[in-house]
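# Coordinates in review
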Amino acid sequence: MGLSDGTLRVDLDESATRFELLSASASPHMQFIVWVTWSALAGVVGILTLTFFLGILSSAKVRGRSFNVYVLFISFPDMFFSICCSVTCGLNAASGQYYSERGCSFQTFYTIFAFTANAWLNAVIVRQVHTMLRSSHQRRRYKPPPIKVVCGHAAIVYS
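Treat the numbers as computed from the prediction; the structure is a model and nothing was measured.

Moving on: helix H6 (residues 147–158). With twelve residues, H6 ought to run about 16 Å at 1.5 Å a step, and its terminal C-alpha atoms sit 16 Å apart, in line with that. Taken residue by residue, H6 has Val150, Ala154 and Val157 as its buried positions. Relative to the axis of H6, the buried residues are bounded by an arc of 60° and lie together on one face. Within H6, the exposed residues directed more than 90 degrees away from the buried face are Lys148 and Ile156. Buried residues belonging to H6 abut helix H4 (66–95) and helix H5 (101–137).

What follows is the structure, encoded as structure tokens:
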């Protein structure tokens, strides 16, 4: 019993093992509800993040500050994840099943990319904030990193 034979969770009895409970599928109706809900929520988050992203990009003064550029780079994985999740969940809901094996592989890619890029960029930003606080504590003027350095940090994290 499990994923390979298409067992539904509602068809299992009380003697089912934990593995069987975790590997059994939800009913098609429940899967549809989950996919539509995720698609809608991720779509709203994706649009809001895109609006935020474009707002920063549209102002030369705002994007001229290095920490704002860090914010751009840290919001990109969230935006990418949300938009991709909205599309893949919508495709799954429209087809009534997992859309394709390739779609599952892509979903794995963008999920891992978004989580790891976000975590590593947070680490880079924390380092910069630490450097700023250390300079403040030592009563030295803090000079933020140039935009090229910020772009280099993001390129290293994204690669």
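Before going further, it helps to spend a moment on the nonpolar core. Formed by Val69, Tyr70, Ile74, Phe113, Ala117, Leu121, Val124, Ile125, Val150, Ala154 and Val157, the largest nonpolar core amounts to eleven residues. Those elements giving two or more residues to this core turn out to be H4, H5 and H6. Looking at which element gives the most residues to this core, the answer is H5, with five residues. Discounting residues that sit within four places of it in the chain, Val157 has contacts with Ala117, Trp120, Leu121 and Val124. Counting residues in hydrophobic clusters, the runner-up holds nine residues, among them Ala42, Cys89, Tyr110 and Ala114.

With that settled, consider a nonpolar patch on the surface. Together, Leu50, Leu54, Leu57, Ile83, Val87, Leu91 and Tyr99 give the surface a local cluster of nonpolar side chains, amounting to about 580 Å² of exposed area. Secondary structure elements with two or more residues in the nonpolar patch: helix H2 (28–58) and H4. Counting through the fold element by element, Leu91 comes out in helix H4.

Attention shifts here to the packing of aromatic side chains. Under the defined criterion, the tally for this structure stands at 14 aromatic pairs. On the basis of an interplanar angle of 45° and a centroid distance of 6.3 Å, the ring pair of Phe53 and Phe76 is categorised as tilted. Placement of Phe53 in helix H2 and of Phe76 in helix H4 is noted, with a sequence separation of 23 residues between them. Put simply, the rings of Phe53, Phe73, Phe76, Phe80, Phe81, Phe106, Phe109, Tyr110, Phe113, Phe115 and Tyr158 touch in pairs and so form one group of aromatic residues.

Rules used throughout
- Residues numbered from 1 in each chain as written.
- Predicted model: local features only at pLDDT ≥ 70, side-chain atom pairs only at ≥ 80, totals over all residues.
- Heavy atoms only, no water.
- Helix = DSSP H or I, 4+ residues; strand = E, 2+ residues; numbered from the N terminus.
- Expected span 1.5 Å × (residues − 1).
- Buried < 20%, exposed > 50% of the residue type's maximum accessible area, 1.4 Å probe, protein only.
- Arc of directions from axis to C-beta.
- Contact = heavy atoms within 4.5 Å.
- Core = buried A, V, L, I, M, F, W, Y, C linked by side-chain atoms within 4.5 Å.
- Patch = residues over 30% accessible without salt bridge, like charges linked within 9 Å, V, L, I, M, F, W, Y side chains within 5 Å.
- Areas by Shrake-Rupley, 256 points an atom, 1.4 Å probe, with all protein chains shown as cover.
- Salt bridge = Lys/Arg side-chain N within 4 Å of Asp/Glu carboxyl O.
- Phe/Tyr/Trp six-rings, centres within 6.5 Å; stacked < 30°, edge-to-face > 60°.

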